[in-house]
Amino acid sequence: MGDYIVLAISCILINNILLAQFLGNCPFLGTSKRMDTAVGMAMAVVFVIVLAGVITWITEIYLLKPLDIEYLRTLSFILIVASLVQFVEMFLKKSIPALYTGLGIFLPLITTNCAVLGVCLINIKEEYTFLETLVSSFTYSVGYGFALILFAGIRERIILARVLKPLQDTSIGLVTAGMIAICFFAFIGMV
Amino acid sequence: MAQSILKEFNKGLWEQVPPFRLVLGLCPILAVTKSVENAVGMGLASTFVFVFSNLLVAMLRNIIPSKVRIAAYIIIIATFVTVVELVMQAYTYPLFLKLGIFIPLIVVNCIALGRAEAFASKNPPLASVADGLGMGIGYTISLAVVGALRESLGNGTLLGHTVFGPDFLPFRFMLEAPGAFVCLGLVLCVMNLIGKK
């Protein structure tokens with residue numbers, strides 16, 4: 001049990017997928033201008049990463065490894081992620097329309113979110129067991145959402161501030177992300 | 001004809017240079033720019049993928065049904081990424097280890113899919129190759145610039161050679177994660193200053 005807690009803390013705070021491993025930066029800068037889009041994106045990411053993490057792990061262990069075709073990993077994983085996103089979209093539209101209206105527009109964006117494929121690949125690279133995969137997928141995505149929502153809060157404030165013209169928008173956004181990354185740096189000694 | 005192909009090639013170098021003008025493909029530029037060597041390796045791998053995926057998409061542009069085009073593009077891109085991955089594993093193993101999961105992640109580099117959708121799906125193969133090559137080289141140069149800044153300030157070296165003399169105290173911050181964000185933000189700021197004349 002203790003191991004899982006350590007893994008969870010390290011995934012959320014120390015190895016934060018966004019600020020320490022640099023994955024999923026395009027949607028991070030794209031959807032963080034307003035708080036409500038950031039929250040929607042964060043929820044959609046958690047949903048898809050957990051599903052994708054589990055399914056790709058099963059594929060790797062029960063399909064690619066026994067058949068010795070691991071070189072097809074990239075190809076099969078991206079197909080799984082893309083079709084999973086499509087499937088989730090259709091499923092939500094039919095059965096949980098309320099959730100679909102909340103997450104709807106963010107789902108197609110997630111296919112090209114490298115955090116999804118990144119987490120799946122990290123799970124395989126670190127040779128996690130099934131339970132560890134579940135914990136790491138969930139906590140990595142929670143860490144992503146956490147950083148995204150924090151950043152959106154700060155960015156809403158920056159709009160009110162007077163920023164030098166060439167520094168505006170993405171540029172100041174990246175510098176701000178750097179400052180948040182410094183805060184996350186403080187967690188390094190924790191585990 | 002030759003004129004227009006040159007134009008497609010040139011626009012990737014300055015006018016629409018990927019990570020700065022079109023804010024795409026940010027993850028590798030933050031993650032693999034600790035040294036110029038890694039940055040250029042990553043840039044060349046990406047260039048290969050852009051060129052060949054553009055070529056194939058342009059050749060098949062009248063065959064792929066528009067409903068499943070995104071899925072088809074992803075498969076094409078993933079195929080070339082797999083090729084790069086295997087080649088690098090065979091011939092440049094140390095670099096392959098350093099770049100780690102960022103090589104398979106070229107699949108989800110928005111530039112590759114973006115160019116396939118926005119350019120190669122509407123233009124003939126030759127122009128598409130020029131477009132992919134221009135974008136790739138522009139991307140490589142951008143990666144190398146950020147890599148050179150971070151390596152020289154953070155480590156005091158450039159491609160392994162000392163640049164500022166023995167008394168230089170390395171600015172370690174640049175090599176850490178926060179330094180990557182701040183450095184890229186400032187480079188973008190400089191690009192805006194030059195571009196907005």
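Note: the structure precedes this text.
### Comments concerning the nonpolar core
Working step 1: Membership of the largest hydrophobic core comes to 107 residues, with the highest contact counts inside it found for Ile17, Leu23, Ile110 and Leu117 of chain A together with Phe20, Phe102 and Leu105 of chain B.
Working step 2: Broken down by element, the residue count for this core peaks at 10 residues, all from helix H3 (residues 35-67) of chain A.
Working step 3: Not counting residues within four places of it along the chain, the set of residues in contact with Phe102 of chain B comprises Gln21, Phe22 and Leu23 of chain A together with Cys27, Pro28, Ala31, Val32 and Met42 of chain B.

### Here's the deal with the pattern of salt bridges
Residues and elements named next belong to chain B.
Working step 1: Under the definition given, this model contains 4 salt bridges over all chains.
Working step 2: Among the ionic pairs, Glu117 bridges to Arg69, the shortest N-O distance being 3.0 Å. Residue Glu117 is located in helix H6 (residues 110-120), and its partner Arg69 is located in helix H4 (residues 69-91); the two are separated by 48 residues in the primary sequence.
Working step 3: Arg69 sits in the partly exposed class, given a relative accessible area of 28%.
Working step 4: Across the salt bridge formed by Arg115 and Asp131, the nearest N and O atoms sit 3.0 Å from each other. On the criterion of sequence distance, the pair formed by Arg115 in helix H6 and Asp131 in helix H7 (residues 125-155) is long-range, its members being 16 residues apart.
Working step 5: The class of Arg115 is buried, set by a relative accessible area of 11%.
Working step 6: The class of Asp131 is buried, set by a relative accessible area of 0%.

### Observations concerning the packing of aromatic side chains
Any aromatic ring pair is given by two values, namely how distant the centres are and how the planes are angled relative to each other.
Working step 1: Taken as a whole and assessed by the stated rule, the structure comprises 11 aromatic pairs over all chains.
Working step 2: Where Phe184 of chain A meets Phe187 of chain A, the ring centres are 5.9 Å apart and the plane angle is 75°; that geometry is what we call edge-to-face.
Working step 3: When its relative accessible area of 7% is taken as the criterion, Phe184 of chain A is described as buried.
Working step 4: Given the relative accessible area of 27%, Phe187 of chain A is considered partly exposed.
Working step 5: Aromatic side chains Tyr93 of chain B and Phe96 of chain B sit 6.0 Å apart centroid to centroid with 20° between the ring planes, which places their arrangement in the stacked category. Here Phe96 of chain B and Tyr93 of chain B lie together in helix H5 (residues 93-99), a separation of 3 residues that amounts to about one turn.
Working step 6: On the accessibility criterion, Phe96 of chain B (14% relative accessible area) is buried.
Working step 7: Ring pairs connect the aromatic residues Phe146, Phe184 and Phe187 of chain A, which therefore count as one cluster.

### A closer look at unusual backbone geometry
Residue and element names in this part refer to chain A.
Working step 1: Although it is not a glycine, Phe22 sits at a positive phi angle of roughly 55°.
Working step 2: Position of Phe22 relative to the elements: it lies in the loop between helix H1 (2-14) and helix H2 (25-30).
Working step 3: Located in the positive-phi region is Asp68, a residue other than glycine, with phi close to 60°.
Working step 4: Relative to the elements of secondary structure, Asp68 occurs in the loop between H3 and helix H4 (73-95).

### Points about a nonpolar patch on the surface
Residue and element names in this part refer to chain A.
Working step 1: A cluster of nonpolar residues, Ile58, Tyr62, Phe130, Leu131 and Leu134, forms a patch on the protein surface that exposes about 470 Å² of accessible area.
Working step 2: Counting residues per element, the ones that place at least two in the nonpolar patch are H3 and helix H8 (130-158).
Working step 3: Broken down by element, the nonpolar patch gets its largest block of residues, 3 residues, from H8.
Working step 4: By secondary structure assignment, the location of Tyr62 is in helix H3.
Working step 5: Overall, the relative accessible area of 61% leaves Tyr62 in the exposed class.

### Things to note about the interface of chain A and chain B
Working step 1: Facing the 36 residues of chain A at the interface are 37 residues of chain B.
Working step 2: Buried surface at the junction of chain A and chain B, both sides included, amounts to about 3000 Å², of which 85% is carbon and sulfur.
Working step 3: Linking chain A with chain B are 0 salt bridges.
Working step 4: One can count 2 residue pairs in polar contact (both at pLDDT 80 or more) joining chain A with chain B.
Working step 5: Those elements that place two or more of their residues in the side of chain A that touches chain B are H2, H4, helix H7 (114-125) and helix H9 (170-185) of chain A.
Working step 6: A per-element tally of the side of chain A that touches chain B places H9 of chain A first, with 10 residues.
Working step 7: Across the side of chain A that touches chain B, the residue classes tally to 25 nonpolar, 10 polar and 1 charged.

The rules behind each value
Residues numbered from 1 in each chain as written. Chains lettered and ligands numbered in written order. Predicted model: local features only at pLDDT ≥ 70, side-chain atom pairs only at ≥ 80, totals over all residues. Heavy atoms only, no water. Core = buried A, V, L, I, M, F, W, Y, C linked by side-chain atoms within 4.5 Å. Buried < 20%, exposed > 50% of the residue type's maximum accessible area, 1.4 Å probe, protein only. Helix = DSSP H or I, 4+ residues; strand = E, 2+ residues; numbered from the N terminus. Contact = heavy atoms within 4.5 Å. Salt bridge = Lys/Arg side-chain N within 4 Å of Asp/Glu carboxyl O. Phe/Tyr/Trp six-rings, centres within 6.5 Å; stacked < 30°, edge-to-face > 60°. Patch = residues over 30% accessible without salt bridge, like charges linked within 9 Å, V, L, I, M, F, W, Y side chains within 5 Å. Areas by Shrake-Rupley, 256 points an atom, 1.4 Å probe, with all protein chains shown as cover. Buried area = accessible area lost by both parts, 1.4 Å probe. Polar contact = N/O pair within 3.5 Å; in protein donor to acceptor, adjacent residues only side chain to side chain. Nonpolar A, V, L, I, M, F, W, Y, C, P; charged D, E, K, R; others polar.

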